[in-house]
Every structure is written in C-alpha cells, then in structure tokens.
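# A closer look at the structure
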Amino acid sequence: MTVQKLEYRQLEVGQQFPAVSFNLDSDSLAAYLKSTGELDSLYEGTGIVPPTAVAAWALISLLEHVALPEGTIHLSQELQCLSMATEGDTLNCRARVSRKQERGRLRLLDIEFDVVGKEGTLLISGKSSFNFP
Amino acid sequence: MGTKKRLDVSSLQEGTTLYEMKKEVVQENINLYAEASKDFNPIHINEEFARNTPLGGTIAHGMLILAYVSQMMTANFGQVWLTSGKLNTRFKAPARPGDTVTISGTVKKLETTEEGTSVKCNVLCQNQSGETVISGDASIVLSGC
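Anyway, here's the lowdown on the structure attached to this text. (Residues numbered from 1 in each chain as written. Chains lettered and ligands numbered in written order. Predicted model: local features only at pLDDT ≥ 70, side-chain atom pairs only at ≥ 80, totals over all residues. Heavy atoms only, no water.)

## Notes on helix H1 (residues 27-37) of chain B
- Inspection of H1(B) places Gln27(B), Asn29(B), Ile30(B), Tyr33(B), Ala34(B), Ala36(B) and Ser37(B) among the buried residues, and these make up the whole buried set.
- Buried residues belonging to H1(B) abut helix H1 (26-36) and helix H2 (51-62) of chain A together with helix H2 (42-45), helix H3 (47-51) and helix H4 (62-77) of chain B.
- In the stretch just after H1(B), Lys38(B) is the one whose phi turns positive, near 65°. (Buried < 20%, exposed > 50% of the residue type's maximum accessible area, 1.4 Å probe, protein only. Helix = DSSP H or I, 4+ residues; strand = E, 2+ residues; numbered from the N terminus. Contact = heavy atoms within 4.5 Å.)

## Some points on the layout of surface pockets
- Its boundaries defined by the atoms lining it, the largest pocket holds a volume of some 1,300 Å³.
- Taken together, 43 residues make up the lining of the largest pocket; nearest its centre are Thr72(A), His74(A), Asn41(B), Ile43(B) and His44(B).
- No other element matches H2(A), which puts four residues into the lining of the largest pocket. (1 Å grid on protein atoms, 1.4 Å probe; cavity = no way out; pocket = protein on both sides within 12 Å on 5 of 7 lines; lining within 4 Å. Points joined across faces, edges and corners; volume = space filled by probe spheres on them.)

## Brief notes about the packing of H1(A) against H1(B)
- Relative orientation of the contacting elements H1(A) and H1(B) amounts to 155°, with a least axis distance of 8 Å. By the angle between their axes, H1(A) is roughly antiparallel relative to H1(B). Crossing angle aside, the handedness with which H1(A) passes H1(B) is left-handed. From H1(A), Ala31(A), Tyr32(A), Lys34(A), Ser35(A) and Thr36(A) reach across to H1(B), where they touch Asn29(B), Leu32(B), Tyr33(B) and Ala36(B).
- Taken together, the residues of the contact of H1(A) with H1(B) sort by class into five nonpolar, three polar and one charged. (Axes fitted to C-alpha atoms, helices over the stretch in contact; angles between N-to-C directions. Parallel < 35°, antiparallel > 145°, perpendicular 65-115°, else oblique. Left-handed = near helix turned anticlockwise from the far one by under 90°. Nonpolar A, V, L, I, M, F, W, Y, C, P; charged D, E, K, R; others polar.)

Written out as structure tokens, the structure is:
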C-alpha cells in the first residue's frame, strides 16, 4: 500500500498521524545490536530491546507519513523511557504535530510520539524536532 | 560481550563524572544501522550522492549517535536507565565515517522526589577534534534512595 506523504505546508499543530504498529522480531533486534555495537550484558540473551531502537523504529514508521525533502535536519530528540520492550512484542505508536513554526528561513516542526506495548503499557515517549529546507 | 562495572550510585554527588565511552564511526556500521533502522536516507549510505551535497560526504544517522549516548547511560546506570531514563539532546554537528566520538557525562543535580532520587546529568558527545556532535541532559530516578 502506498502511503500518501504529507508536505510541511499540509501539517498543522495538533494533527494526529495514523497509528502505526511494528513487531520487535529477533532478526531486527540482532541487527540493531550489531549495528550500534551494543555489548551491555543487559541485552545478552534477555530479549530486552534498547529504548533507542524502539524510538528509531517508531520514528521511521511515523515518517512514512511525512515528506522529508533533501536538506531536512533532525535538530533535537527527547526520549523518556518508562518501561522495557522485549523481543517479540508488537508495539503501537501514536504521534502528533506539537509545534509548527516558521521563523525567517527556519521551518520548524516538532512531532511528539508515544509507544505503547501490551495492554496499553506506555513504554517510550519522545519528541523529535526537525528543520525543513 | 560484557559490561564494565556500573557506577556506584550510593556515592553519587553533584560533579560526579560518569564512565565515558568511545566509539569509532565507520561506514560499515552506518550501513548496518540503515538496514536495522530501515532509514535508507542516501546522505547516510550513498557516498556518491553525499559527496555532492553541502555535507561533502556521508554522515552517521543522528539516532545512531544518540544510541551511543543511551549506551553510555546504560553502562553507568544499568536497568534503571531503561525504566526511568530521560534524554533531551540537540544534534549539533554530524558524525562522519572515520570519526572517533567520546560520550561523557557529569552529574549536575541530585534531587529528592516522591519517586526517589532524581539524578540529572549533562551529557556530551564530541568527535576527535573536540567538536560537539550531541549535547544535552539525561536523568534517571533511583527509587528507594
């Protein structure tokens, strides 16, 4: 299915993105741990998923709904870890535009997101800020 | 695999330095991260494309370098980071293949809250030239303290 990507001009503060869900499969987790060189014993054979992995997958899923033209800059990132995600979980992510501001040549956009796990447990909250060209 | 000794949280005080971490930024890991995160923006993985942009070459994903900051916090505080950690960071400069980044942190404030002791830290990621790649704040809550 082709997702219609929204341009910056089409986004409004308060706008909700369609919820997305994704599965934390073992192959993706292993690939993530390898790519980041994560060697902490917390992740050895426990199936615990690093919070930044959850955030990265949530963000990339959400950005399927937003057109990011060349030159878009990821300015800042907030992350709050509330509970641990584990391999095999299916997570749901909800997100909304929390700020849109044009200031001179800056075209700023903040997206806030929440990632929930089984039984609606909130796992991660975050806010990503971008500057559009 | 393995973990270095965690920070002794019983002796934390304002000014305590966290164990730092060094990471080599290599294109192979950036490519792996693109696969793992499904972020295939060509600025990260297509050297020919990236050479012709103002950045002049590929750069690491910001979220990859942010993962290093989270790793440093995990290495220092263990599981408590995964259940009470907060991170508020700004991406200041790109990290490029060939860079060595150092992730460090300092306790700036200890506060007693209803949930426990809140430990607020400055966190910093710098490249080998001392240029700041990421800066910001991180905090955890030590319950029962």
